Amino acid sequence: FWQHFNDEMRERFNEVAYNAWFKNTKPISYNKGTHELKIAVQNPVAKGYWEKNLSSQLIQSAYGYVNIEILPTFHVADDSKSPERMVTPKPKTARPLHTSKAPDHEDFMRDLQLNDKYTFDNFVQGEGNKLAAGAALAVADSPGSFYNPLFIFGGVGLGKTHLMQAIGHQMLAERPNSKVVYIQSETFVNDFINSIKNKTQDQFREKYRTCDLLLVDDIQFFAKKEGIQEEFFHTFETLYNDQKQIVMTSDRLPTEIPDLSERLVSRFAWGLQVEITPPDLETRIAILRKKAEAEHLTIDDNTLDYIASQVDTNIRELEGALVKVQAHATIEKEDINVNLAREALADLKLVQKDRGLQISKIQEVVANYFQTSTTELKGKRRVRQIVVPRQIAMYLSRELTDASLPKIGQEFGGKDHTTVMHAYQKISRQIKTDSDIKTAVFDLKQMLDR
Ligand code: ADP
Ligand code: MG
């Protein structure tokens, strides 16, 4: 039955999610008297996820297959010796020659540029980010032990940099002598190029290969840069083998970064890849409330609610909206209320509407092309004549608009973002193997271009 359940779930989740929740998860014992089924899970985050989201399905599934009402309990396995961890100890002599002095702690602290505000305390947790936040906390608590590397991905302005720097702050608070390096991937690229020019490669390497925590932000900029990827590969290997923690962020999955070398793609999947998705209304209100408090603004709940409802994806834009309202109030010398917020944000609305239009346009064109209807595309019918057009429409929505996965799901009759991800991955694969799909996508893209 366990195998059946796994197969069922493999269908439902995308690969990343499946690996995160099912890898190293297995039943360890079953008590025939109490029906308790003990299950070992990989780590505390997985435990939480199973308890909250998967246990009821497990119970149902067990009932369906073996007609027993089981009582699952979840236990974190001692995975400090995980078989996944490939430690290839290097002979000491293989290390780079120490021609330059290793940078000391002061050097690290001088270079470290963390934003004071990007702490865990200032980070509001909600549906879209709580897994990432949980993983980040776990990493800050015990760096280098699980989730190495931690790979956080998601759209612009959703808190990736904030969360990543929070790990740095926390680690320094708990272990003041640890060496933390935070770097934008573009800076890594520039530093590397300069170090070649100035013949200071040894210093460059020492800096990155001797830290306890390496934070590399927006790693998608390594796309198509072979030399950098080679350099980063060695940095990664050295740190990983020394059990130092690596955290990366990106706007997409490693497999979606153009020309990222296979060995990096596979290494980036050794730990945990976790997505941040746009915040729901409740979370957006909580974030606004926190910001307003920090700025000592008095804003009533209705107004907070209104502002939060106007910006539905990007948290940076949400903050921008608050600033706009505040500025408007200052200029008009009025108190902040719903009417004033409405005036201040009038132009925002147009932008948001535009984005909605695009997806509906795609649905219309796709429905026409396949001689079905947009209602079917947004519906639930699972026959092939509908499923394929629906998946293509989702694929095109992902490719041609900047809407997030959850947003796309919403536009398709409130489907889950994993469904959209699954459709996207499936069509991406089929374009390479199925000439009908390839032609359809090509035609549709041309039509939508016009
Ligand atoms: P990203 O790196 O994903 O583009 P940032 O980390 O720069 O996004 O976040 C954009 C802004 O939104 C920052 O000012 C950040 O502090 C704020 N922010 C994002 N997520 C949260 C959150 N969950 N709670 C509070 N502020 C947040
Ligand atoms: Mg960022």
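Going by the structure above, here's the rest.
Report follows, based on the coordinates. This is a predicted model, so every value here is computed, not measured.

**Section: the overall build of the chain**
A tally of helices and strands in the chain yields 20 helices and eight strands. Residues classed as buried in the chain amount to 46% of the 450 residues present. Per element, the accessible surface of the chain, about 23400 Å² overall, is 50% carbon and sulfur.

**Overview of the packing of aromatic side chains**
Aromatic ring pairs: the centre-centre distance and the angle between the two ring planes describe each pair. Enumeration over the complete set of coordinates arrives at 23 aromatic pairs. Both rings, one in Phe188 and one in Phe222, keep their centres 5.6 Å apart while their planes meet at 45°; by these two values the pair is tilted. Of this pair, Phe188 sits in helix H7 (residues 185-197) while Phe222 sits in the loop between strand S6 (213-217) and helix H9 (226-241), and the two are 34 residues apart along the sequence. Residue class for Phe188 comes out buried when judged on its relative accessible area of 0%. Note on Phe232 and Phe268: the rings are 6.2 Å apart at their centroids and 75° apart in plane angle, and the pair reads as edge-to-face. Here Phe232, found in helix H9, pairs with Phe268, found in helix H10 (residues 262-268); they are 36 residues apart in sequence, far enough to count as distant.

**Focus on helix H6 (residues 160-174)**
Taking 1.5 Å per residue, 15 residues should reach 21 Å; H6 reaches 22 Å between its end C-alpha atoms and fits that length. Of all the residues in H6, the buried ones are Lys160, His162, Leu163, Met164, Gln165, Ala166, Ile167, Gly168, Met171 and Leu172.

**Let's talk about the sheet that holds S6**
As summarised here, the arrangement of the five strands in space is S5-S6-S7-S4-S8, forming an open sheet in which the pairing is parallel. Every other strand in the sheet has two partners, leaving strand S5 (180-184) and strand S8 (272-276) as the edge strands with one partner each. Geometrically, the sheet is characterised by an average inter-axis angle of 15° between neighbouring strands, direction not taken into account. Both strand S4 (residues 150-154) and strand S7 (residues 245-250) contribute to a ladder of four bridges, which runs parallel. Across the sheet, the residue bridging to Leu150 is Val247, located in S7. Strands in contact with H6 are S4, S5, S6, S7 and S8; relative to S6, the strand with the most contacts, it is inclined by about 165°.

**Here we look at the pattern of salt bridges**
Per the stated rule, a full pass over the model turns up 16 salt bridges. Two residues, Asp259 and Lys224, come together in a salt bridge whose shortest N-O distance is 3.9 Å. With Asp259 in the loop between S7 and H10 and Lys224 in the loop between S6 and H9, this pair connects stretches of sequence that are 35 residues apart. Side by side, Asp259 and Lys224 carry an identical accessibility label, which is exposed. Put simply, Arg205, Arg209 and Glu231 are held in one network by salt bridges that share partners.

**Thoughts on the sheet that holds strand S2 (residues 36-41)**
Spatially, the three strands line up as an open sheet ordered S1-S2-S3, and their pairing is mixed. For this open sheet the edge positions go to strand S1 (26-30) and strand S3 (71-76), each flanked by a neighbour on one side alone. If you compare each strand with its neighbour and ignore which way they point, the axes differ by 30° on average. Sheet topology places S2 next to S3; six bridges connect them, and they run parallel. Of the residues in S3, the one forming a bridge with Val41 is Val76. Against the sheet, helix H3 (residues 44-66) makes contact with S2 and S3, and its axis sits at roughly 165° relative to S3, the strand it touches most.

**Quick notes on the site of ligand 1**
Close contacts around ligand 1 come from 18 residues, with Val124, Gly157, Thr161, His162 and Arg316 the closest. A distance of 3.3 Å separates a nitrogen atom of ligand 1 from a polar side-chain atom of Asn129. One of the side-chain N or O atoms of His162 is found 2.7 Å from an oxygen atom in ligand 1. Taken together, the elements giving at least two residues each to the shell around ligand 1 come down to H6, helix H11 (281-294) and helix H13 (315-332). Looking at the shell around ligand 1, its residues break down into seven nonpolar, seven polar and four charged.

**Quick word on the side chain of Ser185**
Checked against the element boundaries, Ser185 lands in helix H7. Ser185 sits in the buried class, given a relative accessible area of 0%. Not counting chain neighbours up to four residues away, the residues in contact with Ser185 comprise Val216, Asp217, Asp218, Ile219, Phe221 and Phe222.

**What about the nonpolar core?**
The nonpolar side chains of a soluble globular protein tend to be buried, and buried together. Ranked by size, the top nonpolar core spans 55 residues in total, and within it Ile219, Phe232, Met248, Phe268, Ile392 and Leu396 carry the most contacts. Not counting the four nearest positions on each side in its chain, Leu396 is found in contact with Ile362, Val366, Thr401, Val441, Leu444, Lys445 and Leu448. Counting 50 residues, the second-largest nonpolar core is a separate cluster that includes Ala20, Leu112, Leu114 and Ala140.

Definitions and limits used
Residues numbered from 1 in each chain as written. Chains lettered and ligands numbered in written order. Predicted model: local features only at pLDDT ≥ 70, side-chain atom pairs only at ≥ 80, totals over all residues. Heavy atoms only, no water. Helix = DSSP H or I, 4+ residues; strand = E, 2+ residues; numbered from the N terminus. Buried < 20%, exposed > 50% of the residue type's maximum accessible area, 1.4 Å probe, protein only. Areas by Shrake-Rupley, 256 points an atom, 1.4 Å probe, with all protein chains shown as cover. Phe/Tyr/Trp six-rings, centres within 6.5 Å; stacked < 30°, edge-to-face > 60°. Expected span 1.5 Å × (residues − 1). Pairing = 2+ DSSP bridges. Axes fitted to C-alpha atoms, helices over the stretch in contact; angles between N-to-C directions. Contact = heavy atoms within 4.5 Å. Salt bridge = Lys/Arg side-chain N within 4 Å of Asp/Glu carboxyl O. Near = heavy atom within 4 Å. Polar contact = N/O pair within 3.5 Å; in protein donor to acceptor, adjacent residues only side chain to side chain. Nonpolar A, V, L, I, M, F, W, Y, C, P; charged D, E, K, R; others polar. Core = buried A, V, L, I, M, F, W, Y, C linked by side-chain atoms within 4.5 Å.

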